[in-house]
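Examining the three-dimensional arrangement
As a plain string of letters, each chain reads:
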Amino acid sequence: MGVDVGGSTSCGRLTSWVRAGGPTVEGLELGANSEGFTENLRAACDTAWARPFTAAAALHFPPYLSSSSLAIFPPHFPGQLFLCEEEEVSLMAPQAMTEYERRRLENIRRNTEIVASLKRRADELAATVKAAKAKAPRRPPAKAPEQAPIVLRRSLRARGIPPGPSRHPSEAPTPISPPANPAKMKGPIRMDEAFVGVSPLDRHLVGAISGMAENATLHPRKKGEGGGSGSWDPASELTLVPENVKRFLPARILSVRFFPFEGRTVVAAGDKLGHLGFWDADFRGSEGDGTYVYAPHLAPISGISIQPFSMSKILTCSYDGFIRLMDVEEETFNMLYSTDDSIYSISQPPNDAKSIYFGEGPGELKVWDERAGEVSNTWVLHDQRINTVDFNTVNTNLMATSSTDGVACIWDLRKISAKKPERLKMVQHRRAIHSAYFSPSGSSLATTGVDDRVGILSGPDFNSVIMINHYNRTGRWLSSFSAIWGWDDTYLFMGNMKRAVDIISTVDKTTSSLESLLMTAIPCRFAAHPYKVGLLAGATAGGQVYMWRRS
DNA sequence: GCACGGGTTACCAAG
DNA sequence: CTTGGTCCACCCGTGC
């Protein structure tokens, strides 16, 4: 069964394509001559050859599309596409869908019908209740896609090649064809365009998030309030049941976060391919399974930040060099910042809604001022990439960074010396450090290194340092481990290569493990719910999330 | 002090 | 149950 790309402008999920043989197209000569080739393609596009498809669809094309690639859906060959690279043209046919894709498309079809019928109901109701004023005017529908030639443009950066003078004559000084809409990728992306599937099937999610965000109290509880884990034993009380295992992303997960809602359990996770997935665990509908996937990035999503004071806004950063702000009210993925370097980490101070701190390139930490719309500070804090940025929830002037250079630091943002924040404390591992997180009380810091150690800094001025052995060699296929704090300062949670969740007691320095036959893969990245004690999410390299709950 | 390349690691789908 | 594809993180050894 193939992916249907014909007949509509919707974007199917086009992940796997095979070369189906050389093209023979009536009325079009595709020669090896570069100039003629380009001209012919232009002509083809101009004569309605091109079938419009969205930027989001472009995200799902295989990685061998390069910046010089053109993709054309030929009307004569439904379900196929011409891939034109350099001076080569291939006719591509979709491969059989994976089970993941089949299931999703099936859901999508079913949901479309249900949503359509709901919409009819809503329209009828609206007609009868004419007097009722329309709610806040919805964002006007975006302009129809330009009927320009379809151009798949991938930045050099996205292909892992440093930007610079092109080595390919066909890439250089004139682009192979006029760009369809380069701003599309650089600028905002509509949520329905980025939705992996056909809109508007994410209505449930939009409703759930905006509903919770609206109803949320203005003074959310602080993490750690209302009973930590001190009086209970997570190793014996946390349980995993089949309903709390969900695979909703196709690739390795790098970041996972809970929405800071009290009334509804929603998890966001970002994967290696740039997908941002949501799992609404309280979803109780017949259509769909409460999971939703978008494709706002072109490369791994390295960080997600959701602040309690604006819960309908989700920040993501990616190796593709973009910081995007998913605005559920506006229904867009806005672009806040872009760079040629990779972005490895992101964080926001708990008391400052308008500042975004992120780790860019080999060792820079930048501060984005959302009010001014510009980078307000750039500091070189490390020799290599900054893997995490974290703020102390109690003393919000303290920031911790961890880096591949083997150092984790605590910085005082009030004191700027030599154009850098003053370094209060530094801890050295023998190898790269993948995380450094402050404890809920703010009095400890936990670091995780690939030198098979977990460091705990505590005491006055974080002067006491202990190291706990923990096997952390995850290799290339898994996301690196990083110990996170639970709901108070007594326990750390992290992955274990034996398909378990390790729980490290900071009191007696012992490690216990959570195991379950339902965990068929190693949980690498974790999130603890900010308010709900005992709600722990572990994410795997296979796109799964396990949600452990206190029984 | 570098650039380079090989080895390692686990997951999933297909046979 | 085995096999093959994944592929870009990191360590470590080699060669300049």
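Residues numbered from 1 in each chain as written. Chains lettered and ligands numbered in written order. Predicted model: local features only at pLDDT ≥ 70, side-chain atom pairs only at ≥ 80, totals over all residues. Heavy atoms only, no water.

The subject of this paragraph is the overall build of chain A. A count of helical and extended segments in chain A gives seven helices and 34 strands. Counting every position in chain A, which comprises 551 residues, the buried fraction comes to 53%. The long-range fraction of contacts in chain A, counting pairs at least 24 apart against all pairs at least 6 apart in sequence, stands at 54%. Accessible area of chain A: about 24,500 Å², with a carbon and sulfur share of 52%. (Helix = DSSP H or I, 4+ residues; strand = E, 2+ residues; numbered from the N terminus. Buried < 20%, exposed > 50% of the residue type's maximum accessible area, 1.4 Å probe, protein only. Contact = heavy atoms within 4.5 Å. Areas by Shrake-Rupley, 256 points an atom, 1.4 Å probe, with all protein chains shown as cover.)

A few words now on the protein's contact with DNA strand B. Taken together, Arg247, Thr474, Gly475, Arg476, Trp477, Leu478, Met497, Arg499, Ala521, Ile522, Gly542 and Gln544 form the complete shell of residues around DNA strand B. Taking the atoms of DNA strand B that fall within 4 Å of the protein, sugar and phosphate contribute 54% of them. In the surface near DNA strand B, the residues fall into five nonpolar, four polar and three charged. (Near = heavy atom within 4 Å. Nonpolar A, V, L, I, M, F, W, Y, C, P; charged D, E, K, R; others polar.)

Looking now at the state of the cysteines. Applying the stated criterion to the full structure yields zero disulfides. Lacking any disulfide linkage, Cys409 is separated from the closest cysteine sulfur, that of Cys317, by 19 Å. In this model Cys524 remains outside any disulfide bridge; the closest cysteine sulfur is found in Cys317, 18 Å from its own. (Disulfide = S-S within 2.5 Å.)

This part covers the pairing of strand β29 (residues 491-496). Among the six residues in β29, six count as buried, and that is most of the element. From the end of strand β28 (residues 484-485) to the start of β29, which pair antiparallel, there are five residues. When β29 meets strand β30 (residues 500-505), the two strands line up antiparallel, connected through six bridges. Paired with Asn496 across the strands is Ala500, a residue of β30. Taking the residues between adjacent antiparallel strands as the criterion, β29 and β30 are bridged by three residues, where Arg499 takes a positive phi near 55°. (Pairing = 2+ DSSP bridges.)

What follows concerns the pattern of salt bridges. In total, this model carries eleven salt bridges according to the counting rule given. With its nearest N and O atoms 3.0 Å apart, the salt bridge here joins Arg190 to Asp192. Residue classification places Asp192 among the partly exposed positions, given a relative accessible area of 30%. Here Arg264 ties to Asp280 by a salt bridge, and the two come within 2.8 Å at their closest N and O atoms. With Arg264 in the loop between β8 (253-258) and β9 (266-271) and Asp280 in strand β10 (residues 276-280), this pair connects stretches of sequence that are 16 residues apart. On the accessibility criterion, Arg264 (23% relative accessible area) is partly exposed. One network of salt bridges, with partners in common, ties together Glu360, Glu364 and Lys366. (Salt bridge = Lys/Arg side-chain N within 4 Å of Asp/Glu carboxyl O.)

Our focus in this paragraph is the protein's contact with DNA strand C. All residues adjacent to DNA strand C are Lys272, Tyr319, Arg385, Thr404, Arg431, Ala432, His434, Val450, Arg476 and Trp477. For DNA strand C, the fraction of protein-proximal atoms (within 4 Å) that sit in sugar or phosphate groups is 59%. A distance of 2.6 Å separates a phosphate oxygen of DNA strand C from a polar atom in the side chain of Arg431. Contact between DNA strand C and His434: a phosphate oxygen at 2.9 Å from a side-chain N or O atom of the residue. For the surface near DNA strand C, the residue count by class is four nonpolar, two polar and four charged. (Polar contact = N/O pair within 3.5 Å; in protein donor to acceptor, adjacent residues only side chain to side chain.)

It is worth spelling out the side chain of Glu360 at this point. Along the chain, Glu360 falls in strand β17 (residues 355-360). Judged by relative accessible area, Glu360 falls into the buried class, the value being 3%. Polar side-chain contacts of Glu360 include one of 2.6 Å to the side chain of Tyr337. Within the structure, the side chain of Glu360 is placed 2.7 Å from the side chain of Thr339, a separation counted as a polar contact. Excluding anything up to four places from it in sequence, Glu360 contacts Tyr337, Thr339, Asp341, Ser342, Ile343 and Lys366.

In the numbering used here, UniProt assigns the "repeat: WD" (unreviewed entry) feature to residues 379-414. End C-alpha atoms of residues 379-414 are separated by 14 Å, and the span's content is 0% helix alongside 61% strand. (UniProt positions renumbered as here; feature names shortened; annotations may be inferred.)

Structurally, the position occupied by His382 is in the loop between β19 (374-380) and β20 (386-391). Excluding its chain neighbours within four sequence positions, the residues that come into contact with His382 are Pro362, Gly363, Thr401, Ser403, Asp405, Val407, Cys409 and Trp411. At 2.8 Å, the side chain of His382 and the side chain of Thr401 are in polar contact.

According to the stated counting rule, one finds 13 aromatic pairs in the structure shown. With a centroid separation of 5.7 Å and 65° between ring planes, the pair formed by Trp487 and Phe493 is classed as edge-to-face. Accessibility classification places Trp487 together with Phe493 in one group, the buried group. One aromatic cluster is present, built from ring pairs that chain together Phe195, Phe259, Phe261, Phe278, Tyr294 and Phe333. Of note, Arg324 hangs over the ring of Phe322, and the distance from its end group to the ring centre comes to 5.0 Å. Lying across the ring of Trp232, Arg550 places its NZ or CZ 4.3 Å from the centre. (Phe/Tyr/Trp six-rings, centres within 6.5 Å; stacked < 30°, edge-to-face > 60°. Lys NZ or Arg CZ within 6 Å of the ring centre and 35° of its normal.)

A few words on the nonpolar core. Counting 32 residues, the largest nonpolar core has Leu492, Phe493, Val501, Leu536 and Trp548 as its most contacted members. Contributing elements (two or more residues each) for this core: β26 (453-458), β28, β29, β30, β32 (523-528) and β34 (544-550). Here the element with the most residues in this core is β29; it accounts for four residues. The contacts of Leu536, once residues within four sequence positions are left out, are Leu238, Phe258, Ile484, Trp487, Phe493, Val501, Phe526, Ala527, Ala528, Tyr546, Met547 and Trp548. Grouped together as the second largest cluster of nonpolar side chains are 25 residues, Ala194, Met212, Phe283 and Ile301 included. (Core = buried A, V, L, I, M, F, W, Y, C linked by side-chain atoms within 4.5 Å.)

Turning next to the sheet that holds β8. If you trace the four strands from one edge of the open sheet to the other, you get β8-β9-β10-β11, paired in antiparallel fashion. Edge strands, defined here as strands with exactly one partner in the open sheet, are β8 and β11 (291-294). Within the sheet, the average angular offset between the axes of one strand and its neighbour, ignoring direction, is 15°. Pairing between β9 and β10: five bridges, direction antiparallel. Bridging from a neighbouring strand, Val266 pairs with Asp280 of β10. (Axes fitted to C-alpha atoms, helices over the stretch in contact; angles between N-to-C directions.)

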